[in-house]
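Next come the chains, spelled out residue by residue.
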Amino acid sequence: MDVGDLRALNRLRLLREVHDGGASRTRSQLTRDLELARGTASVLVAGLVEDELLQEKPAGEHARGRPTQIPGPHPRGPLALAADLREDSWTIAACELGGGSTVLAASGHDGTPAALNDLGAALRAHLGPRVVGVGLSASGPVREDGLLDISHLGWREVPVAEALGLGGVPLRIGNDARLAGLAEARRGHLRGVSVGLHLHVDFDPGGTLLIGGTPLTGAGGTAGEFGHMPLTGGDDPCPCGARGCLSLAVGRNALLRHLGLPAGRGRGRHEAERIIEAAAGGEPEAVKAVESNAGALGKGIGALINALDPATVTLSGLGVALTGDTLQRACHGALMAMRRDRPPPILPSALGDRGPLVGAMESVFDAFLTREGVECWRATRPKNEM
């Protein structure tokens, strides 16, 4: 490896450490963690500042002597636009190196693919020279060719990129559950976990298995549809075309159906929230609905633990509200005997409802923090006159 290649590699290593560490570590800490010479680190940081990728700020507290500097995002540095497209709404945020984010826009929608046109218009309104890509989290399986299916909305093979109309802006599209898992592996309870299982529950459940922090995508990009596995022993038809799916018993749609309320087509988010609140207050029918959901989810998690052998399981979305004794008992009863003495912990997400949006951001920076991505950025920066 020649000197130029080594410098490019170390620039990327430093940028990645700043990003993954939340722009919280001092230059001295980064120098030690990356095993760099102090002079080399100084030259690298100076170059990244010149390229408007990083900016250093004094740490809040430091010992006597020279102030300790913390490299962080440059005020004119790269931005990722991240969008979380749910069955009934969408949210857009601008994200910078280090993971800081600002919500730019949010809106409800009518549950038809026309929502993508409105989302695209909102994204285009926020494009600019700092934007290095757009990441989209979608509440359904996304194929490698960018076609999106959301079965209970009736969406079939919707061409997302075409509908958004972003032109040549790099676009990364992923399933919400998989991106929530990616976020948990980068900034939550699955960080450093060798084999992690993440389940995200909204109107329906989905998830992902992560090996060394990387979600498994499958041959066609649609792995992780755990909600469409017959894990609870039922045989009823599911809108996806299969029968006996876990999603018939778990999620907001299942809560609504349990109480005889209209479900599907992205309806009833607020009604489902009220059911959760009523159950917390002891209302008998709401308690039954929530306990049924939690028991089915626990049974499904037990089956997945038997099959996939994760070290840790995390839950996001509605799954956080379902975490409790009922879920734990159902999971324990579904485990093979050999797994019951040391079952993996089941933890609520450290990121709350932000997981899919954070994962969408991470997918953009994964593409940007490459030699090609950084060199493309450098080529567009105005150079200082000597």
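Treat the numbers as computed from the prediction; the structure is a model and nothing was measured. (Residues numbered from 1 in each chain as written. Predicted model: local features only at pLDDT ≥ 70, side-chain atom pairs only at ≥ 80, totals over all residues. Heavy atoms only, no water.)

Novice: I'd like a description of the overall build of the protein, backed by residues and values.
Specialist: Scanning the protein from terminus to terminus reveals 13 helices and 14 strands. Taken over the C-alpha trace, the protein has a radius of gyration of 23 Å; the compact-globule value for 386 residues is 21 Å, and the two agree within 12%. Dimensions of the protein along its principal axes, counting C-alpha atoms only, are 75 × 50 × 40 Å. Out of the 386 residues belonging to the protein, those deemed buried represent 49%. Here the analysis covers contacts within the protein between residues at least 6 apart in sequence; of these, 65% occur between residues at least 24 apart. Split by element, the accessible area of the protein, about 17500 Å² in all, is 52% carbon and sulfur. Positive and negative side-chain charges in the protein, numbering 40 and 44 respectively, have mean positions lying 5 Å apart. (Helix = DSSP H or I, 4+ residues; strand = E, 2+ residues; numbered from the N terminus. Rg over C-alpha atoms; globule rule 2.2 N^0.38 Å. Buried < 20%, exposed > 50% of the residue type's maximum accessible area, 1.4 Å probe, protein only. Contact = heavy atoms within 4.5 Å. Areas by Shrake-Rupley, 256 points an atom, 1.4 Å probe, with all protein chains shown as cover. Lys, Arg positive; Asp, Glu negative; His and termini not counted. Charge placed at Lys NZ, Arg CZ, Asp CG, Glu CD.)

Novice: Give a detailed account of unusual backbone geometry, specifying residues and quantitative values.
Specialist: The backbone of alanine 23 sits at a positive phi, close to 50°, despite the residue not being glycine. Relative to the elements of secondary structure, alanine 23 occurs in the loop between helix H1 (3–20) and helix H2 (27–33).

Novice: Give a description of the packing of aromatic side chains that names residues and reports values.
Specialist: Taken as a whole, this structure holds 2 aromatic pairs when the rule is applied. Here phenylalanine 365 and phenylalanine 368 contribute two aromatic rings whose centre-to-centre distance is 6.4 Å and whose plane-to-plane angle is 75°, an arrangement assigned as edge-to-face. Here phenylalanine 365 and its partner phenylalanine 368 are both found in helix H12 (residues 355–368), 3 residues apart, which amounts to about one turn of the helix. We classify phenylalanine 368 as buried; its relative accessible area is 5%. Among the aromatic residues, those joined into a ring-pair cluster are Phe365, Phe368 and Trp377. Just above the ring of tryptophan 377 sits the side chain of arginine 381; from NZ or CZ to the centre is 3.7 Å. (Phe/Tyr/Trp six-rings, centres within 6.5 Å; stacked < 30°, edge-to-face > 60°. Lys NZ or Arg CZ within 6 Å of the ring centre and 35° of its normal.)

Novice: Kindly report on the pairing of strand S4 (residues 89–96), identifying the contributing residues and their values.
Specialist: Look at any regular strand and the pattern is simple: side chains alternate between the two faces of the sheet. Burial of S4 is extensive: 6 of the 8 residues sit out of reach of the surface. Relative to S4, strand S3 (residues 79–85) runs antiparallel, the two being bridged by 7 bridges. Counted as the bridge partner of leucine 81 is alanine 94 from S4. In this structure, S4 lies alongside strand S5 (residues 101–108), joined through 7 bridges in antiparallel fashion. By the bridge assignment, threonine 91 is partnered in S5 with alanine 106. Two successive antiparallel strands, S4 and S5, enclose a turn made up of 4 residues, where glycine 98 displays a positive phi of approximately 100°. (Pairing = 2+ DSSP bridges.)

Novice: Outline H1, supporting the account with residue identities and numerical values.
Specialist: Here H1 contains 18 residues, and its C-alpha end-to-end distance of 26 Å stays within 8% of the 26 Å for a straight helix at 1.5 Å per residue. Between the side-chain oxygen of the N-cap and the backbone nitrogen of glycine 4 there are 3.1 Å, and the N-cap of H1 in question is aspartate 2. Positive phi shows up at glycine 22, right after H1, with a value of about 70°. (Expected span 1.5 Å × (residues − 1). Polar contact = N/O pair within 3.5 Å; in protein donor to acceptor, adjacent residues only side chain to side chain.)

Novice: Quick one: what's the story with the pattern of salt bridges, residue by residue and with numbers?
Specialist: Inspection of the entire model under this criterion finds 26 salt bridges. Taking the shortest distance from any N to any O, the salt bridge between glutamate 17 and arginine 25 comes out at 2.6 Å. Of the charged contacts, one joins aspartate 88 and arginine 269 as a salt bridge, the two residues approaching to 2.9 Å between their closest N and O atoms. Highlighted residues: aspartate 88 in the loop between S3 and S4 and arginine 269 in helix H8 (residues 269–280), separated in sequence by 181 residues. Accessibility expressed as a relative area gives 16% for aspartate 88, which makes it buried. Looking at arginine 269, the relative accessible area reads 12%, which means it is buried. Each of Arg16, Asp20, Arg186, Arg187, Glu362 and Asp366 takes part in salt bridges that share partners, so that together they form one network. (Salt bridge = Lys/Arg side-chain N within 4 Å of Asp/Glu carboxyl O.)

Novice: So, the nonpolar core: which residues are in play, and what are the values?
Specialist: Side chains that are nonpolar tend, in soluble globular proteins, to be buried together. Counting residues in each nonpolar core, the largest one holds 33 residues, and the members touching the most others are Leu14, Leu15, Leu53, Met361, Phe365 and Phe368. For this core, the leading source of residues is H12, giving 7 residues. Apart from the residues within four sequence positions on either side, phenylalanine 365 is in contact with Arg16, His19, Pro78, Leu79, Ala80, Cys95, Glu96 and Leu97. Of all hydrophobic cores here, the second largest spans 32 residues; its members include Leu197, Leu231, Leu256 and Ile305. (Core = buried A, V, L, I, M, F, W, Y, C linked by side-chain atoms within 4.5 Å.)

Novice: I'd like a rundown of the sheet that holds strand S10 (residues 195–201), residues and numbers included.
Specialist: As summarised here, the arrangement of the 5 strands in space is S12-S11-S10-S13-S14, forming an open sheet in which the pairing is mixed. Edge positions in the sheet fall to strand S12 (214–215) and strand S14 (346–348), since each of these pairs with one other strand and no more. Two elements, strand S11 (residues 205–211) and S12, share 2 bridges in a ladder whose sense is antiparallel. From the neighbouring strand, isoleucine 211 faces S12, where its bridge partner is threonine 214. Lying on the sheet, helix H9 (residues 284–308) is in contact with S10, S11, strand S13 (312–317) and S14; it crosses S10 at an angle near 155°. (Axes fitted to C-alpha atoms, helices over the stretch in contact; angles between N-to-C directions.)

By themselves, these observations are geometric and do not establish any function.
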